[in-house]
Amino acid sequence: MQVIVNGERTEVAATNLRSLIDELDYDGTHVAVAVNAHVVPRARWTATNLETGDEIEIISPRQGG
Amino acid sequence: MVSFYGRESKSRLLIGTALYPSPAIMQDAIRASGAEIVTVSLRRESSGGRVGHAFWSLIRELGVTVLPNTAGCRSVQEAVTTAQLARELFDTPWIKLEVIGDDEILQPDVVGLVEAAAILFKDGFEVFPYCTEDLTVALRLRDIGCRVIMPWAAPIGSARGLVNRDALKLLRARLPEVTLVVDAGLGAPSHAAEALELGYDAVLLNTAVAKAADPVGMANAFRLAVEAGRLALKSGLMGPRDFASPSTPIVGTPFWHAVS
């Protein structure tokens, strides 16, 4: 299935958000996720199914002013 | 003490975490500044990346309170979603709300700012809006619930100091109950002292410290300037006069009123 991760078309085997996080090697990192501009709390990752074309933002802390 | 939505801070200096020469210097500068609140941002993490994780570890070591920002957002929707991501990531209702309206001078889009702030308050956020010195915008922000308002002194990173001092004074006079923070445009410790002398509760800065030749020394200088400005305000500053007034007593001046 093709989804868009951080603006890039990405082919993944995962069908839910939890498995996508694992597949793309984000496991254990400090990240937050939005699917189609809606924030998905960590507790709902497994229950969040993905569909072709979903736009997923995976973000982490950075320096800021 | 100064209150930010009920969080009391002894320090009146808030500091950013960007642009330092190294992570170690960033940590040392933040410690030297005495700041209890630091700003952070959120950015896309690459697959397998650990960049954010490493940065977050450095911040946690400092034991400070984080104020995430929505830097770079150019629409209400982007800012609202970024704020929601920040709440999830940093586990805080605080958000430094930036909605940028112009790329050249990074001027806040104050119309979008007020709209986004209203949405976020309804969603349970405690908003720190980055705004211009415009009085009516600040009044709107107060009316929708902002107990902290952060007008710019000058464009971000410009080091120009308090360009519109009269308007900043007016904001202070008209919003006595709001925690007012001068955010952006400060270049020298004297600018920070001036803001505190005007009655501002605090200043927020980043570039002036991070890009100094010695960021740790400059962080110290800003800490002292903020303390000096606040102490001067509390001690009662004299007003300006049009003419001279001698400080040395006139009575007893040699040859004064010489006997004729």
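Conventions and cut-offs
Residues numbered from 1 in each chain as written. Chains lettered and ligands numbered in written order. Predicted model: local features only at pLDDT ≥ 70, side-chain atom pairs only at ≥ 80, totals over all residues. Heavy atoms only, no water. Buried < 20%, exposed > 50% of the residue type's maximum accessible area, 1.4 Å probe, protein only. Helix = DSSP H or I, 4+ residues; strand = E, 2+ residues; numbered from the N terminus. Pairing = 2+ DSSP bridges. Right-handed = clockwise from strand over helix to strand, strands pointing away. Contact = heavy atoms within 4.5 Å. Buried area = accessible area lost by both parts, 1.4 Å probe. Salt bridge = Lys/Arg side-chain N within 4 Å of Asp/Glu carboxyl O. Polar contact = N/O pair within 3.5 Å; in protein donor to acceptor, adjacent residues only side chain to side chain. Nonpolar A, V, L, I, M, F, W, Y, C, P; charged D, E, K, R; others polar. Phe/Tyr/Trp six-rings, centres within 6.5 Å; stacked < 30°, edge-to-face > 60°.

*Asks:* When you look at the pairing of strand E9 (residues 179-183) of chain B in this model, what are you seeing that I'm missing?
*Replies:* Looking down a regular strand, the side chains alternate between one sheet face and the other. Residue and element names in this part refer to chain B. Counting buried residues along E9, 5 of its 5 residues qualify, which places the element largely inside the surrounding structure. Of the two faces of E9, the one carrying Thr 179, Val 181 and Asp 183 and the one carrying Leu 180 and Val 182 are both buried. As paired elements, strand E8 (residues 148-151) and E9 share 2 bridges and run parallel to each other. If you follow Ile 149 over to E9, its bridge partner there is Leu 180. In this fold, the crossover linking E8 to E9 by way of helix H6 (residues 165-174) has right-handed handedness. As paired strands, E9 and strand E10 (residues 202-205) are joined by 3 bridges and run parallel to one another. Directly across from Val 181, in E10, lies its bridge partner Ala 202. In this fold, the crossover linking E9 to E10 by way of helix H7 (residues 189-197) has right-handed handedness.

*Asks:* Explain the interface of chain B and chain A to me, please; I cannot follow it from the model alone.
*Replies:* A common measure of how large an interface is: the accessible area buried when the components associate. Facing the 31 residues of chain B at the interface are 27 residues of chain A. Summing both partners gives a buried area of about 2400 Å² for chain B against chain A, and 56% of it is carried by carbon and sulfur. For the pair chain B and chain A, the interface holds 3 salt bridges. One salt bridge in this structure joins Arg62(A) and Glu45(B), with 3.5 Å as the shortest N-O distance. At the boundary of chain B and chain A, one finds 25 residue pairs in polar contact (both at pLDDT 80 or more). Elements supplying a minimum of two residues to the side of chain B that touches chain A: strand E4 (37-44), helix H2 (51-62) and helix H3 (76-90) of chain B. Classifying every residue of the side of chain B that touches chain A gives 10 nonpolar, 14 polar and 7 charged. For strand E5 (residues 55-63) of chain A and E4(B), the ladder comprises 5 bridges, and the chain directions are antiparallel. Within E4(B), the position partnered with Gln63(A) by the bridge is Val40(B).

*Asks:* Help me understand unusual backbone geometry, please; the structure alone is not making it clear to me.
*Replies:* Glycine aside, residues mostly have negative phi, and peptide bonds are mostly found in the trans state. Residues and elements named next belong to chain B. Backbone geometry places Tyr 5, a non-glycine residue, at a positive phi of 50°. In this fold, Tyr 5 is placed in the loop between strand E1 (2-4) and strand E2 (7-9). Under the relative-accessibility criterion, Tyr 5 is labelled buried at 10%. We note that Ala 159 has phi near 60°; this positive angle belongs to a residue other than glycine. Considering the arrangement of structural elements, one finds Ala 159 in the loop between E8 and H6.

*Asks:* It is not clear to me how the packing of aromatic side chains should be interpreted in this structure. Could you clarify?
*Replies:* Each aromatic ring pair is described using two quantities: the centre-to-centre distance and the angle formed by the ring planes. Residues and elements named next belong to chain B. Tallied over the full model, the rule gives 5 aromatic pairs over all chains. For the pair Phe 4 and Phe 128, a centre-to-centre distance of 6.1 Å together with 15° between the ring planes defines the contact as stacked. Linking Phe 4 in strand E1 with Phe 128 in strand E7 (residues 126-131), this pair joins segments that are 124 residues apart in sequence. For the pair shown, Phe 4 and Phe 128 are each scored as buried. An aromatic cluster of at least three residues, connected via ring pairs, comprises Phe 4, Tyr 5, Trp 94, Phe 121 and Phe 128.

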